[in-house]
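Close look at the chain arrangement
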Amino acid sequence: MTPLSPMAVTLDGKVAIGNFHLEVALTVAPGELVALVGPNGAGKSTLLHVVAGLVGLDSGNLSLGGNTVDDGTIRRRTPPHERRVGWVPQNRLLFDHLTVADNVGFSPRATTKKVNHLLDALDLRHLADRYPMECSGGQAQRVALARALASSPEILLLDEPSTALDTKSRQIIHDLLGDRNSRPSTLLVTHDTTEVTGLADRKVELTSGRITKVSPL
Amino acid sequence: MTTPGGAPRAVLFIAALAITFLALPVLALLQRAPWSSLLNLLTRQEVIDALGVSVVVSLVAAGIVLVLGTPLAWVLVRVNMPLRRLIRALVLLPMVLPPVVGGTALLFALGRRGLVGQWLERWFDVTLPFTTAGAVVAATFVALPFYVVTVEGALRTNSDHLEQLAATLGASPISVFRRVTLPQLMPAMAAGMALAWARALGEFGATITFAGNLPGRTRTLPLATFEALESDPEAAIALSLVLLAVSLAVLVPTRDRWIPTR
Amino acid sequence: MKTHFNGILTVFLFISLILWFTQRTNPDSTLDIRVFTASSLSDVIKDLADEWTNGSETSVELVIGGSNHLAAQLRDGAPADVFLTADGNLLTDLRSQGLLSDGLVEAVAHNYLVVAQPISGPDRHPSTLYDPSLILVTCAPGVPCGDATITRFADLPVDSHEPSARAVVARLALDEADLGVVYATDVVAHPDLIQAWPQENTCPCVAYSAAGMSPTGDKFVKFLSSVQAQQILSAHGFTLEPS
């Protein structure tokens, strides 16, 4: 009997940041794309921060791929650089002092082969030697996504990747995310209903720090 | 850049007063300069010696400031440690302490009979007073806060999100510091260095109190100027002009903005 | 328009206030006598001033500093009645600029140079004066004690040229130097210092002159040659006639 492969993400915990309280229990299966929706300030970005390791749980537990990375009760956390997460924040945070190619290849885990593949897949080849300052919003978003994917993450965390993006960039990103064979387990924060219906396997609604609804799609 | 309707006149007027206040001593210096005998004065051995000592001392001090000051600035901003406020005040202390007081304190700490100095002498046969190294120590002491304040200011305005993102990509803390923090900080580091170097170049009180005054070894341009004032005012003016020229040569091209923002 | 006027007026008032204030800090009193004196006389001049005040009912305002700086102030017009210095060149220069106004100039005391050491130092021998491994400090050339040092001792392995004899004394008192050339009066005045070895009082030495710059000043200069004044000078270690 083959053992079940562990969940990509198992989260059951609480975090308080100032007056805001986040309390969630959530799992993401390997290869699954879960859409996180909800009003602004609901805690969606914070949830991503917790998984990425930028914010620690106050109580509860977070495991990635079956390994505990954050034990809230004893306050023991694996630092972000030892987790295999790819985080693409809303404001992308590209490294202005590096070229697009160097940005994509920034991760110590990135291989030249992977970098080249992603540059092509996201139509960034012609920008390889340019700097982020010279890129449009859509191009920058693709660079950020490529950079995260190049680090071979086990879980991809996307914070509103398609907001205010040109049609072409959206299409390229959706094509990439839609390929179930090549994409990692993903948590996608979005306001875009077409993204939810088109890409997600499950929809989780978050309101005021709590999960209010879970719907399979 | 100006507000609609032009710059307010009262503001311009006061700014003009401030500029006059700063420019007046410099203009007076230029006016008194013995232009005809200047070349003669400038090629004297004592002037060349003083220039040499000043250049060496200020550059070495600036280098030490860079190495010590960058981690210090980083820790002050990014590390949440107890007594942070006290440490920050300590860092700023050489800025507000009269330089002679600073030099005397250095003497009590690192002099031959100093708190630590006595062990330096006993165990390593190292004395700092009356040596060029001592002049470097004095210059570093007064210049360090200027660098730290500049770099710290830049670090405060740049949030650490970029570093956090680099960490999620798998870069270790030291790797993040080297590949993300430092490159982002370069403009502020350059500005801080210029400021610290200028301060080190102009240092007088701490140098004369701690390192003493000997031509070719510890007599920097400021010290030589002070000594010349006693006996040879023309030489003093010539030395002042050298200081002025060297300072302007470095400060004018580099000080475009105080704290460079991204 | 009105806001501009208010702004300029404020600045104007502010500047006027500052100017008025600085004028006020220079009162002119005919009862004070102002004596500019070299720093090496700072201890003895206080006793001399007290003696003068007892006898004449005028108080003495002392301005103490390096002779060169004092002379510079005098050249720039600072008011003074007496200038006490060891630097004869300065007096000649001031006379040529008409500042001494035919006042009296008299030699009042002499001071010898001695090689001193911290009291905590080991016994030393005259040959150690030229030992390069010892830290030796002297006055800088250009100040009276420095020039006298150079004339008296040739080619000393000096480690620092201090701006005044007081500064040399400070180094020795802190035990940051092994040997220093100071005034005989400094050794008398400081318990932390001793003569490094038995030394005779010889010249080249330093001679102090008092220059009167006003009629009141002349009276003070005359007083300095009086028996009482000479006794005070003697008690501090100054000699009256060079040997």
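No experiment lies behind these values; they were computed from the predicted model shown.

Scoring rules and cut-offs
- Residues numbered from 1 in each chain as written.
- Chains lettered and ligands numbered in written order.
- Predicted model: local features only at pLDDT ≥ 70, side-chain atom pairs only at ≥ 80, totals over all residues.
- Helix = DSSP H or I, 4+ residues; strand = E, 2+ residues; numbered from the N terminus.
- Rg over C-alpha atoms; globule rule 2.2 N^0.38 Å.
- Buried ≥ 20, exposed ≤ 12 C-beta atoms within 10 Å, placed from the backbone.
- Contact = placed C-beta atoms within 7 Å.
- Pairing = 2+ DSSP bridges.
- Axes fitted to C-alpha atoms, helices over the stretch in contact; angles between N-to-C directions.
- Nonpolar A, V, L, I, M, F, W, Y, C, P; charged D, E, K, R; others polar.
- Domains from an automatic or database assignment.
- Arc of directions from axis to C-beta.
- Parallel < 35°, antiparallel > 145°, perpendicular 65-115°, else oblique.
- Left-handed = near helix turned anticlockwise from the far one by under 90°.
- Right-handed = clockwise from strand over helix to strand, strands pointing away.
- Core = buried A, V, L, I, M, F, W, Y, C linked by C-beta atoms within 7 Å.

Observations regarding the overall build of chain A
- Each helix and strand in chain A was counted, giving 6 helices and 11 strands.
- Expected size for 217 residues packed as a compact globule is a radius of gyration near 17 Å; at 17 Å, chain A falls within 12% of this value.
- If you line up chain A on its principal axes, its C-alpha atoms span 50 × 45 × 35 Å.
- Buried residues in chain A amount to 46% of all 217 residues.
- Looking at chain A alone, contacts between residues at least 24 apart form 68% of all its contacts between residues at least 6 apart.

Considerations on the sheet that holds strand S5 (residues 113–118) of chain C
All names here are of chain C.
- A sheet is described by the order of its strands in space; here 5 strands give the open sequence S7-S6-S8-S5-S9, paired in mixed fashion. One side of each edge strand has no neighbouring strand; the edge strands of this open sheet are strand S7 (160–162) and strand S9 (193–195). In this sheet, adjacent strand axes meet at a mean angle of 40° when their direction is disregarded.
- Examined bridge by bridge, strand S6 (residues 136–139) and S7 share 3 bridges and lie parallel to one another. Paired with Cys139 across the strands is Glu162, a residue of S7.

Let's talk about the interface of chain A and chain B
- Taken together, the contact pairs 17 residues of chain A with 13 residues of chain B.
- For the side of chain A that touches chain B, a count of residues per class yields 11 nonpolar, 4 polar and 2 charged.

Here's the deal with the interface of chain C and chain B
- Between chain C and chain B, the contact holds 19 residues from the first and 16 residues from the second.
- Residues that form the side of chain C that touches chain B fall into these classes: 8 nonpolar, 7 polar and 4 charged.

Overview of unusual backbone geometry
- For A:Asp123, which is not glycine, the phi dihedral falls at a positive 55°.
- Residue A:Asp123 is classed as partly exposed on the basis of its 14 C-beta neighbours within 10 Å.
- Here B:Leu83, not a glycine, exhibits a phi torsion of approximately 65°, which is positive.
- Take B:Leu83: it is sitting in the loop between helix H3 (45–78) and helix H4 (84–96).
- For B:Leu83, a count of 9 C-beta atoms within 10 Å gives the class exposed.

Notes on the environment of B:Ala109
Residue and element names in this part refer to chain B.
- Within the fold, Ala109 resides in helix H5 (residues 99–110).
- Note on Ala109: 15 C-beta atoms within 10 Å, which makes it partly exposed.
- When neighbours within four sequence positions are excluded, Ala109 is seen to be in contact with Gly114, Leu115, Val116 and Gly117.

Observations concerning the domain arrangement of chain C
Residue and element names in this part refer to chain C.
- Per the domain assignment, the segments of chain C are domain 1 (32–110 + 211–235) and domain 2 (113–195).
- Listed by partner, the interface residues are 8 residues for domain 1 and 9 residues for domain 2.
- Per-class residue counts for the side of domain 1 that touches domain 2 are 1 nonpolar, 5 polar and 2 charged.

A closer look at helix H3 (residues 67–75) of chain C
- Buried residues of H3(C): C:Ser67, C:Asn68, C:Leu70, C:Ala71 and C:Leu74, and no others. Projection of H3(C) onto a plane perpendicular to its axis shows the buried side chains occupying an angular sector of 160°, all on one side.
- On its buried face, H3(C) sits against helix H11 (221–231) of chain B together with strand S1 (32–38), strand S2 (59–65), strand S3 (82–85), helix H4 (88–96) and helix H5 (144–152) of chain C.

A look at the environment of C:Asp218
Residue and element names in this part refer to chain C.
- Checked against the element boundaries, Asp218 lands in helix H8 (residues 215–224).
- Residue class for Asp218 comes out buried when judged on the 21 C-beta atoms lying within 10 Å of it.
- Separated by 116 residues in sequence, Asp218 and Asp102 place their C-alpha atoms 9.8 Å apart.

Focus: the packing of H3(B) against helix H9 (residues 173–202) of chain B
Residue and element names in this part refer to chain B.
- Where H3 contacts H9, the axes come no closer than 9 Å and their chain directions differ by 140°. The angle between H3 and H9 falls in the class oblique. Regarding H3 and H9, the two cross each other, and that crossing is right-handed. Of the residues in H9, those touching H3 at Ser54, Val57, Ser58, Ala61, Ala62, Val65, Leu66, Thr70 and Trp74 are Thr181, Met189, Met193, Ala196, Trp197, Ala200 and Leu201.
- Residues of the contact of H3 with H9, tallied by class, amount to 12 nonpolar, 4 polar and no charged.

Some points on the arrangement of the chains
- Among the 2 pairs of chains that make contact, the interface with the largest number of contacts is formed by chains B and C.
- Taking C-alpha atoms as the reference, chain A and chain C come no closer than 43 Å and do not contact one another.

Some thoughts on the pairing of S1(C)
Residue and element names in this part refer to chain C.
- Of all the 7 residues making up S1, 6 are buried; the element is thus mostly covered by neighbouring parts of the structure.
- Relative to S2, S1 is paired through 7 bridges, and the arrangement is parallel. Its bridge partner being in S2, Phe36 is matched across the sheet by Val63.
- For the handedness criterion, the β-α-β arrangement of S1, helix H2 (residues 42–56) and S2 is classed as right-handed.
- Examined bridge by bridge, S1 and S3 share 3 bridges and lie parallel to one another. Bridge pairing links Val35 to Val82 in S3.

So, the nonpolar core
- One finds B:Ala138, B:Ala143, B:Tyr147, B:Ala196 and C:Val82 to be the most contacted residues of the largest nonpolar core, which totals 124 residues.
- With 16 residues, helix H7 (residues 132–157) of chain B is the single largest residue contributor to this core.
- Both of domain 1 (32–110 + 211–235) and domain 2 (113–195) of chain C provide at least three residues apiece to this core.
- Beyond its immediate sequence surroundings of up to four residues, B:Tyr147 is in contact with B:Val65, B:Gly69, B:Gly192, B:Met193, B:Leu195 and B:Ala196.

So, the sheet that holds strand S10 (residues 206–212) of chain C
Residue and element names in this part refer to chain C.
- The strand order across the open sheet built from 5 strands is S2-S1-S3-S10-S4, with neighbouring strands paired in mixed fashion. Sheet topology places S2 and strand S4 (105–111) at the edges, where each strand pairs with a single neighbour. Each strand of the sheet is rotated relative to its neighbour by a mean of 20°, with strand direction disregarded.
- Relative to the sheet, H8 contacts S1, S3, S4 and S10, its axis offset from that of S10 by approximately 145°.

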